[in-house]
Amino acid sequence: MSAAEQNRGSVAAHPEDSASAPRVRLKVEQASFAYSPTDRSAPTFTLGPASFEAHPHELVAILGPNASGKSTLLRLLAGLSKPLAGRIEVDGEEVSALDLRTRAKRIALVQQESELLFPLRVWEYVLQGRYPHGRRLRFESDNDCLMVGNALAQVGAEPLRDRWMDQLSGGEKQRVILSRALAQQPSLLLLDEPTQHLDIGGKVELLQRLRRLADETRHTVLVVTHELDLAAEFADRIVLLHKGKCLRVGTPAEVYDRALLEEVFEAPLEVEMRPGGRPRVSLRGDR
Amino acid sequence: MRPLTSRRVFNVCALLIGVLFVLVVISLRMGAYPIAVRDILMTLINGALGRRDQIPSEFSLVVFGLRLPRIALGILVGAALSTAGAGFQALLRNPLADPYVLGVSSGAALGAIVSLIVLPFTPGAVQVAAFAGAAATIGAVYFLGRRGGQLDSATLLLAGIITASFLSAVIMFLMTILSSRDLRGMAFWLMGDLSSAPAVDLRWLYLLLIVAVGSIYTTSSDLNLILTGEQEASHLGVNVRRVKFVVYVGASLLTGLAVSVSGAIGYVGLLVPHVMRMLFGTDYRVLIPASAIGGAIIVVAADLLARTVVAPTELPVGAMTAIAGAPVFIYLMRRRVR
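What counts and how
- Every chain's residues receive numbers from 1 upward, in the order its sequence appears when written.
- Just so you know, chain letters begin at A and ligand numbers begin at 1, following the order they were written in.
- For a predicted model such as this one, the threshold for reporting local features is a pLDDT of at least 70, and the threshold for listing and counting side-chain atom pairs is 80 or more; totals across whole chains, interfaces and linings nevertheless cover every residue.
- Think of it this way: DSSP has to see at least two bridges between two strands before they count as a pair.
- Secondary structure elements are taken from DSSP: a helix is a run of H or I of four residues or more, a strand is a run of E of two residues or more, and numbering for both begins at the N terminus.
- Only the stretch in contact is used when a helix axis is fitted, and all axes are lines through C-alpha atoms; the angle between N-to-C directions ranges over 0 to 180 degrees.
- Placing C-beta atoms from the backbone, we regard two residues as in contact once those atoms come within 7 Å.
- Each residue carries a pLDDT score, the predictor's confidence in it, ranging from 0 to 100.
- To sort the angles, those under 35 degrees are grouped as roughly parallel, those over 145 as roughly antiparallel, those from 65 to 115 as roughly perpendicular, and the leftovers as oblique.
- Crossings are assigned a handedness: left-handed for a near helix turned anticlockwise from the far helix by less than a right angle, right-handed for a clockwise turn.
- Just so you know the grouping, Ala, Val, Leu, Ile, Met, Phe, Trp, Tyr, Cys and Pro go in nonpolar, Asp, Glu, Lys and Arg go in charged, and all remaining residues, Gly too, go in polar.

**Some remarks on the sheet that holds strand 3 (residues 59–63) of chain A**
Residues and elements named next belong to chain A.
- Spatial ordering of the open sheet is given by 6-7-8-3-9-10, a layout of 6 strands whose pairing is mixed. What marks the edges here is a single partner per strand, and that holds for strand 6 (107–110) and strand 10 (245–250). Geometrically, the sheet is characterised by an average inter-axis angle of 15 degrees between neighbouring strands, direction not taken into account.
- Here strand 9 (residues 237–242) runs beside strand 10; their pairing, made up of 5 bridges, is antiparallel. Paired with Val239 across the bridge in strand 10 is Val249.
- Packed onto the sheet, helix 2 (residues 70–78) meets strand 3, strand 6, strand 7 (188–192), strand 8 (220–225) and strand 9 and runs at close to 155 degrees relative to strand 7.
- Sheet strands touched by helix 7 (residues 200–216): strand 3 and strand 8. Its angle to strand 8, the strand with the most contacts, is close to 155 degrees.

Structure below.
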């Protein structure tokens, strides 16, 4: 049984599950985008129409090699860019139509580590996640502090609470950044290559954590990654991109076709289907 | 976990206002005509209660006619420069930014020098022309510093540095045609000096100060987030474009206001925000009011020294802030490098 299934089996049903059918959390309909360096020049990168859905409790992995359009798609999902055509909806509302603060309450984006101009303690950093939940100029309430405590506990970062941000290891910092995103109480959690600077132990730990978050809370987690094997192990759904095109969407078993992956990643790969229905990817040794 | 509260901001402000008040009393006491502290306090109390007839005329002249207006000007200039410095450091995401980094002081200096050439004997013309020069520079750098329709920190910084450099070259050229008397006045002005009374009623200048500092203060929660990165702030719901516009206009106006009445007093806008960060933390909700009051304290103290250390000769206050400020700046810079 895969880690995902083990976790799913151990968690009691979420309140939202009692409703008739699971709601669609994220709906991407024929969304496309073209990037031009200036307003008048021809596009240097285009993202072809992409369509897929994600539901509550799902962990979705956006896979693809470099320059395949993963980050562009993530920017569209986060509402940082507006699709040229098509629609992107979160909880039934178009993302590009949401005002900034409403968007920040629904969608949290975790990017690579922050560059802090002045030192901050971990709790001060995580407290920033409460910004969209109050007036523009405000002082944090006891409830905000409670939320910060919960967010830190969710990622096992409570002992780090009083440490300075610039004294954390890569893995610790990643957990703290994730915890600030959780303090936003979003329904959709987007992560841009969160495993990039982590060792293998850190990568597995992070993916397990994200899996648990999807299972135990109301979040839908969407991860942009290169990690084929980790995505196969932990994701419910894969969106495979290549050269700006959305090639395939489905479960890991549906997407992990050896010929397709070899063409996309330009590497000799072996895809083995395991008993639980999850594929395992390795480098083929005959070359 | 001890988040910042409004009570703590109030306590910090109260403490700094207390220090400023003590310094004001000392400053009122010191000078060619010394007055006892008790007499100063009675004079201030009677003045505040409108009982001017109960104040001896010499005290009234020295306190309300000479020393208090100069101290009030020092408070105005210090508060304006320090708040502008704190604002620019966040706007440009650069801890070494100061109010003059975007060329506002050079624009003001050019305005001042042009007025000395064109209207040499017109009272107040220097200050009005300096403010006009500062305002024109603010506008020019704003348009040069935009990228993709909004202010871009790196482009803005470059635009400011180039503009300042260009304006300095024009100033150098114009200084060659000034008379030697005007040249000395200009040199004092460029170093920063509080000895000339403002051309406009101080109350109007204070109103502008309150509006500009207040506008920047409304963005203080946003600035805390912008310090971790503009894109991150935007994900967290900050309208980065609006915040940058408000801070740019507010901080530039404060700089223009200070420079036009006192010349370019150096180091205050750079160092006071850093000292306040060390004392009270990096949160802009406390940093902005602390910098404003702290800047007032530093300029009043520097002016007190400037007019007493080599009395009866007066030094330009900018020379005092530079003498004390340069070593502190080097210390901060080395501390950052380590």
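**Focus: the confidence of the model for chain B**
Residue and element names in this part refer to chain B.
- Confidence in the prediction for chain B averages 87 pLDDT; 99% of positions are at 70 or higher.
- Per-element mean pLDDT across chain B ranges from 75 in helix 7 (residues 180–191) up to 95 in helix 1 (residues 6–29).
- For this predicted complex, the interface confidence reaches an ipTM of 0.82, while the overall pTM sits at 0.85.

**Description of the packing of helix 4 (residues 104–118) of chain B against helix 7 of chain B**
Residue and element names in this part refer to chain B.
- For the pair helix 4 and helix 7, the least separation of the axes is 11 Å and the interaxial angle reads 160 degrees. By the angle between their directions, the pair helix 4 and helix 7 is classed as roughly antiparallel. Crossing of helix 4 against helix 7: the hand is right-handed. Taking contact as the criterion, the partners of Ala109, Ala112, Ile113 and Leu116 in helix 4 are, on helix 7, Asp182, Met186, Trp189 and Leu190.
- Residues of the contact of helix 4 with helix 7, tallied by class, amount to 7 nonpolar, no polar and 1 charged.

**What about the sheet that holds strand 4 (residues 85–90) of chain A?**
- Overall, antiparallel pairing links the 4 strands, which are arranged 2-1-4-5 (chain A) in an open sheet. Bordering the open sheet on either side are strand 2 (45–54) and strand 5 (93–94) of chain A, each of which pairs with just one other strand.

**Overview of the interface of chain A and chain B**
- At the interface, 24 residues of chain A touch 23 residues of chain B.
- Breaking the side of chain A that touches chain B down by element, the ones donating at least two residues are helix 3 (100–106), helix 4 (122–127) and helix 5 (142–154) of chain A.
- The element best represented in the side of chain A that touches chain B is helix 3 of chain A, accounting for 4 residues.
- Of the residues that constitute the side of chain A that touches chain B, the class distribution is 15 nonpolar, 2 polar and 7 charged.

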